[in-house]
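Observations on the three-dimensional arrangement
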Number of protein chains: 2
Amino acid sequence: MPGRICIIGVGLIGGSFARALKAANACREIVGAGRNEAQLVRAQELGVIDAYALDVAEAARGADVVVLAVPVGSTEGVVRQLAPVLGPNTILTDVGSTKASVVAAVERALGTLPPRFVPGHPIAGTEKSGVEASFAELFQQRRVILTPLSHTDPEATATVRRLWELAGAEVVEMDVQHHDEVLAATSHLPHLLAFALVDTLARMEERREIFRFAAGGFRDFTRVASSDPQMWHDICLANRDALLDLLATYQADLDRLAAAVREGRGEVLLETFRRAKAARDRFTESG
Amino acid sequence: MPGRICIIGVGLIGGSFARALKAANACREIVGAGRNEAQLVRAQELGVIDAYALDVAEAARGADVVVLAVPVGSTEGVVRQLAPVLGPNTILTDVGSTKASVVAAVERALGTLPPRFVPGHPIAGTEKSGVEASFAELFQQRRVILTPLSHTDPEATATVRRLWELAGAEVVEMDVQHHDEVLAATSHLPHLLAFALVDTLARMEERREIFRFAAGGFRDFTRVASSDPQMWHDICLANRDALLDLLATYQADLDRLAAAVREGRGEVLLETFRRAKAARDRFTESG
């Protein structure tokens, strides 16, 4: 059991992980770090963390486990600052939504990939941001993907796995590339599509009062467009290749549907919608 | 106050309207009609309707108000069957998600557009279907759009308005074309996008276990893809022009975003995501 855990970035994910670890008595002490002192003060007031520092190296000094919970685009800069205090026994892990880019960023920052670096990604979140939105149950019965590398120390992976299990999650391991493809499909592309749709409509809104007549389906469909723009900017760029591949497939499928609508080929629509409904209903039952 | 209301199609919308009208004592009697006798029997058992007939003309005979609550593609056929029993005082209204196509279908079926035909569309629903999913509160504080034509009898419009208000809805009037554009934006396009995405992913699923790693955002984004395929098939074809116009705009916007991802122009992503989040958050506050 680690004594001290340092969480860099005490927002929705970092804050919820801290709360869950505290609820499970998973460590002796949690130290937070971040750029926004007001957020850290609030996190301490809420009992999410025990102490904080604005300097990430200071916060991480002496920690057994350091958790990066920052937008993936900030990984390299933060790890550079951490470098001097990462000892041979310090476990470094992260919660980033993309894994190849985080692995590359850590390697650039440290000049090597330390054996006690365990890339991770909890498949959980809400469209909200910040420590105020965090809650200890966020990871209950949710999946956490770890993508240890071939030379990652199995003991480090086991420790990170144990922490997520204490937070209530089911931990699975897969390789970095597979993670990035799967997440492009289930998360990154849907976010991009929703942001794009809301933006398209917002630019038509003034003359047509569009949103006034939106119903629950629209609200659900666009919920993810209320997510943090900076975070999603980082993710889209960080998982560029998988995202663009999938977007190209999707656009081709959409072109095919548009052609069916244009040409009145209803059977194409019906088949597609039925397949989609069946898949979506199966997913809901299994979820 | 009408004595007898006939509802053709006692599913989610027709059934919920019937329940709401009963709860408000809005009429003496509700007669249902439809093709599926088991559904009608169930509707009667549930107290949603007082009586039913499989023959729509028989069900509608003597009704003061006839409500079409069938997939929009069935409008013409149903109205043809209704023609013999629609008297000069019978109010005909509908709940279809597209209005130009329904108006055209009624005109084709009757050879004219009767002054007591009041096209309507409640902006409410869930991804579920059938009378079992219906509930009296579905229209509470939801908007209902009526699109009366220039020669529609204002008294007929007022009666239909009053029924929806008794069901708890806020009624607004707009012209047919405007309705179809607005709904293409807030409902038809999002449904098409969600069906298309789930189908794209389902066809990749086998080798990648995609859905296993989907989180709440994906669940929200794809909820509308569990909607009734036949209904959405009808809607996409019925509102073809508005839908294709908007889809073309959306695809161009998506191309622009894809280019920004490809070329690493993060500022385009950030701007777009920020605009979208602001619009979506405003919509939620006002909703």
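Structure: above.
Before going into details, it helps to say that this report is about the structure given with it. (Residues numbered from 1 in each chain as written. Chains lettered and ligands numbered in written order. Predicted model: local features only at pLDDT ≥ 70, side-chain atom pairs only at ≥ 80, totals over all residues. Heavy atoms only, no water.)

1. A few points about the sheet that holds strand 7 (residues 120–122) of chain A
Residues and elements named next belong to chain A. Ordered by their spatial adjacency, three strands build an open sheet running 7-8-9, and the pairing between neighbours is mixed. Edge positions in the open sheet fall to strand 7 and strand 9 (170–173), since each of these has one partner strand only. Averaged over all adjacent pairs, the angle separating strand axes in this sheet is 20 degrees, with direction ignored. Across three bridges, strand 7 lies against strand 8 (residues 143–146) in antiparallel orientation. Among the inter-strand pairings, His121 is bridged to a residue of strand 8, identified as Ile145. (Pairing = 2+ DSSP bridges. Helix = DSSP H or I, 4+ residues; strand = E, 2+ residues; numbered from the N terminus. Axes fitted to C-alpha atoms, helices over the stretch in contact; angles between N-to-C directions.)

2. So, the side chain of His188 of chain B
All names here are of chain B. Relative to the assigned elements, His188 resides in helix 7 (residues 176–208). We classify His188 as buried; its relative accessible area is 0%. Engagement of the side chain of His188 in a polar contact is seen with the backbone oxygen of Ser97, the distance being 3.2 Å. Polar contacts involving the side chain of His188 include one to the side chain of Asn239, which spans 3.0 Å. Contacts of His188, omitting those with residues within four sequence positions, involve Ser97, Thr98, Leu183, Trp232, Ile235, Asn239 and Leu243. (Buried < 20%, exposed > 50% of the residue type's maximum accessible area, 1.4 Å probe, protein only. Polar contact = N/O pair within 3.5 Å; in protein donor to acceptor, adjacent residues only side chain to side chain. Contact = heavy atoms within 4.5 Å.)

3. Thoughts on the packing of aromatic side chains
For the coordinates displayed, the defined rule picks out 11 aromatic pairs over all chains. Aromatic pair Phe139 of chain A and Trp164 of chain A: ring centres 4.9 Å apart, planes at 80 degrees, arrangement edge-to-face. Within this pair, whereas Phe139 of chain A is found in the loop between strand 7 and strand 8, its partner Trp164 of chain A is found in helix 6 (residues 154–166), the two being separated by 25 residues in sequence. Between the aromatic rings of Phe211 of chain B and Phe218 of chain B, the centroid separation amounts to 5.7 Å while the plane-to-plane angle is 40 degrees, which identifies the pairing as tilted. The pair formed by Phe211 of chain B and Phe218 of chain B is uniform in burial state, with each residue classed as buried. Among the aromatic residues, those joined into a ring-pair cluster are Phe17, Phe139 and Trp164 of chain A. (Phe/Tyr/Trp six-rings, centres within 6.5 Å; stacked < 30°, edge-to-face > 60°.)

These results come straight from atomic positions and should not be treated as a statement about function.
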